[in-house]
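Structure at a glance
Residues per chain, in single letters:
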Amino acid sequence: MDLLTGILGTVAVLLLLLELYLRFSPAYRAAKQFPGPALLPILGNAQNLLFNDQLQTFRLPRRWAALYQDTYRLVVRGILTVNAFQAKDVEPLLSSQRLIDKSLIYHLMHEFLGIGLLNSTGAKWQHRRRILTPAFHFNILPSFLLTFQDECRSMVAQLESAADKGEPVALQPLITKFTLNTICETAMGVKLDSGTMAKEYRGKIEAIGTMLLDRLMNPWLYDQFIYKVLGLAAKFGKLLRPVHAFTRSIIQQRRELFHQNVRNFGDFSEENVYTNIKQRYAMLDTLLAAEAKQQIDEEGIREEVDTFMFEGHDTTSAALIFTLLLVALHPEVQERLYEEIQHIILGKADPDRELCQADYNEMKYMDMVLKESLRLFPPVPFISRSITENTYFGERFVPKGSIINVHIYDLHRDPTVFPDPERFDPDRFLPENVEGRSPYAYVPFSAGPRNCIGQRFAILELKSVLTAILTHFRILPVTKREELDFISDIILRTSKPVFVKFERRSSSAVTVDPKEA
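Notes on the structure in this doc start here. (Residues numbered from 1 in each chain as written. Predicted model: local features only at pLDDT ≥ 70, side-chain atom pairs only at ≥ 80, totals over all residues. Heavy atoms only, no water.)

This paragraph deals with the overall build of the protein chain. Helix and strand counts for the protein chain come out as 22 helices and 11 strands. Relative to a compact globule of 517 residues, whose C-alpha radius of gyration would be 24 Å, the protein chain shows 25 Å and is just as compact. Out of the 517 residues in the protein chain, the part that is buried amounts to 53%. For the protein chain, the share of sequence-separated contacts (at least 6 apart) that also reach a separation of at least 24 residues comes to 74%. Mean positive and mean negative side-chain charge positions of the protein chain (60 and 62 charges, respectively) differ by 4 Å. (Helix = DSSP H or I, 4+ residues; strand = E, 2+ residues; numbered from the N terminus. Rg over C-alpha atoms; globule rule 2.2 N^0.38 Å. Buried < 20%, exposed > 50% of the residue type's maximum accessible area, 1.4 Å probe, protein only. Contact = heavy atoms within 4.5 Å. Lys, Arg positive; Asp, Glu negative; His and termini not counted. Charge placed at Lys NZ, Arg CZ, Asp CG, Glu CD.)

Next comes the structure, spelled out in structure tokens:
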């Protein structure tokens with residue numbers, strides 16, 4: 001009994017010392033500057049995050065944002081996490097040239113994606129950014145557009161059957177297949193619709209995403225030892241092997257084609273990479289040119305291709321799903337979009353010619369619709385950074401070792417910037433309404449030095465899909481806004497599929513058959 005009493009007493013003293021250490025740490029002292037849930041001894045705010053499902057985890061930040069109406073804090077395991085959703089606190093982070101390190105949750109993707117443009121920092125990130133920036137130059141976009149339009153034709157053909165039957169269509173599988181096909185062809189130069197290995201790749205990518213999400217939602221799985229003991233690391237590795245094998249095989253095929261073109265045209269200049277390659281341009285060609293100049297190695301190429309494959313299709317898919325839903329729910333917006341498309345088609349010298357990049361650039365109302373859709377439903381609902389040096393946000397001190405989350409979903413709903421924020425209103429993005437608005441109040445593609453390198457690519461893809469669908473169909477609502485239940489994920493997702501219907505437009509409507517172009 002005396003021994004047990006002694007042990008309990010020792011444990012109590014150790015816990016007291018730990019609590020005193022935490023209470024006087026920089027993280028706890030800084031936490032006093034911010035509102036937030038009550039801090040329990042030792043646990044801090046851990047109890048607020050435990051035992052929540054994906055629905056509850058998504059709702060928590062919404063509830064805290066409404067409750068505190070200011071940047072708030074959480075403290076877990078002695079680490080301060082600052083949650084920002086107002087432009088005044090978002091700007092100092094996103095505009096910083098130094099605070100560019102991603103937080104712990106991005107580390108979970110290192111085994112899959114490596115440490116490429118998404119996950120790297122410092123000199124490596126700057127080097128990779130310089131290599132990849134030309135791949136998204138406006139001169140390259142027309143080549144990507146050809147791929148978008150090919151895939152749009154396939155999607156329209158698939159939707160015709162559903163339209164004739166009057167069946168509701170679940171958008172997630174339809175759109176995800178489309179965006180995965182397009183990113184695969186534009187990133188690697190290969191179509192995913194053919195070949196057993198390609199079909200296996202598509203299935204494995206989905207399974208990898210599920211496992212990453214499960215780990216993200218269960219913080220005890222962050223520890224690699226626990227992940228291994230539970231057998232999950234082996235399961236994850238088994239999924240990765242065929243994916244990385246597929247990527248490497250495609251890289252090798254493209255490398256052979258690339259060097260064949262170099263032998264024909266003589267050097268690795270950008271002009272040759274962009275204009276002389278016999279097949280359609282792929283992002284991989286820029287990386288292979290960099291490899292030939294010894295600026296990147298084979299593993300680095302694999303990192304970047306896998307990064308763009310995974311990140312590029314999921315974000316665009318989410319943007320398309322919610323845009324189609326909003327257009328279905330607002331027929332007056334849909335009709336105005338259709339009129340704009342027809343105006344541009346009829347205004348061309350040759351109305352039967354395929355739309356080009358300049359035609360899509362003229363779609364100013366579509367720009368506004370897409371921006372408002374991305375405001376309401378940002379595909380990436382939050383981003384997270386590690387604070388690598390002591391810094392101030394306004395007058396509030398945040399110590400090195402802290403984490404800052406930018407909740408883009410809530411930032412875009414700041415009523416002082418966007419009155420009646422839940423209302424869908426593309427006119428918010430009229431030039432006179434944008435004037436004077438902080439550039440950090442609306443950041444669907446992030447902002448500052450780590451903004452999305454592929455945002456022009458994404459917008460052109462969104463425009464090409466929306467144009468193709470609206471040219472051939474009316475989109476009718478099935479799922480209602482109030483039925484949307486979001487779940488916590490790296491990408492904005494709903495707990496249930498989103499459905500719409502497609503109705504063929506009358507034969508008298510002015511349309512363009514891409515096959516005749």
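Read on for the rest.
On to the packing of aromatic side chains, then. Applying the stated criterion across every chain, the model contains 19 aromatic pairs. Arranged with centres 5.9 Å apart and planes meeting at 65 degrees, the rings of Y409 and F486 form a pair that is edge-to-face. With a gap of 77 residues between them, Y409 in helix 20 (residues 408-411) and F486 in strand 9 (residues 486-487) connect regions that are remote in the sequence. Between F429 and Y442, the aromatic rings sit 4.9 Å apart at their centres with planes inclined by 55 degrees, giving tilted as the arrangement. Linking F429 in the loop between helix 20 and helix 21 (431-434) with Y442 in the loop between helix 21 and helix 22 (455-472), this pair joins segments that are 13 residues apart in sequence. Across this residue pair, the class does not change: F429 and Y442 are buried. Three or more aromatic residues joined by ring pairs make a cluster, and in this case those are F136, F144, F148, Y281, F308 and F457. The positively charged end of R413 is found above the aromatic ring belonging to Y409, 3.8 Å away from the centroid. For R437, the ring lying beneath its charged end belongs to F429, and the centroid distance is 5.2 Å. (Phe/Tyr/Trp six-rings, centres within 6.5 Å; stacked < 30°, edge-to-face > 60°. Lys NZ or Arg CZ within 6 Å of the ring centre and 35° of its normal.)

Taking 1.5 Å of rise per residue, the 32 residues of helix 16 (residues 298-329) would be expected to cover 46 Å, and the 47 Å separating its terminal C-alpha atoms lies within 8% of that figure. Burial analysis of helix 16 places 29 of its 32 residues in the buried class, which makes it a mostly covered element. (Expected span 1.5 Å × (residues − 1).)

The next thing to look at is the environment of S25. Tracing the backbone shows S25 in the loop between helix 1 (2-23) and helix 2 (26-31). In this structure S25 comes out as buried when scored by relative accessible area, which is 11%.

Across soluble globular proteins, nonpolar side chains have a tendency to be buried as a group. If you look at the biggest cluster of nonpolar residues, it comprises 147 residues, and the most contacted ones within it are F112 and F502. The element best represented in this core is helix 16, accounting for 15 residues. Not counting the four nearest positions on each side in its chain, F502 is found in contact with L159, A163, V169, L171, I469, F473, R474 and I475. One finds L60, W64, Y72 and F85 within the second-largest nonpolar core, a separate group that totals six residues. (Core = buried A, V, L, I, M, F, W, Y, C linked by side-chain atoms within 4.5 Å.)

A few words on the packing of helix 19 (residues 364-376) against helix 22. Between helix 19 and helix 22, whose axes approach to 11 Å, the crossing angle comes to 110 degrees. The orientation of helix 19 relative to helix 22 falls into the category roughly perpendicular. As helix 19 runs across helix 22, the sense of the crossing is right-handed. When helix 19 is examined against helix 22, the residues M366, D367, L370 and L374 are found in contact with a partner set consisting of I459, L462, K463, L466 and T467. Partitioned by chemical class, the residues of the contact of helix 19 with helix 22 number six nonpolar, one polar and two charged. (Axes fitted to C-alpha atoms, helices over the stretch in contact; angles between N-to-C directions. Parallel < 35°, antiparallel > 145°, perpendicular 65-115°, else oblique. Left-handed = near helix turned anticlockwise from the far one by under 90°. Nonpolar A, V, L, I, M, F, W, Y, C, P; charged D, E, K, R; others polar.)

Right, let's get into the sheet that holds strand 11 (residues 499-504). Taking strand neighbours across the sheet as the criterion, the three strands line up as 3-11-8 in an open arrangement whose pairing is antiparallel. For this open sheet the edge positions go to strand 3 (169-170) and strand 8 (473-477), each flanked by a neighbour on one side alone. Bridging between strand 8 and strand 11 involves five bridges; their strand directions are antiparallel. Directly across from R474, in strand 11, lies its bridge partner E503. Against the sheet, helix 22 makes contact with strand 8 and strand 11, and its axis sits at roughly 95 degrees relative to strand 8, the strand it touches most. (Pairing = 2+ DSSP bridges.)

Attention now moves to the environment of R396. Assignment of secondary structure puts R396 in strand 6 (residues 396-398). Given the relative accessible area of 16%, R396 is considered buried. Considered as a pair, R396 and S154 are 242 residues apart in the sequence and their alpha carbons are 54 Å apart. Ignoring sequence-local partners within four residues, the contact set of R396 consists of Q33, F34, P35, D70, T71, K88, D89 and T391. A polar atom in the side chain of R396 sits 3.1 Å from the side chain of D70. (Polar contact = N/O pair within 3.5 Å; in protein donor to acceptor, adjacent residues only side chain to side chain.)

The values reported here are purely geometric and, on their own, carry no functional implication.
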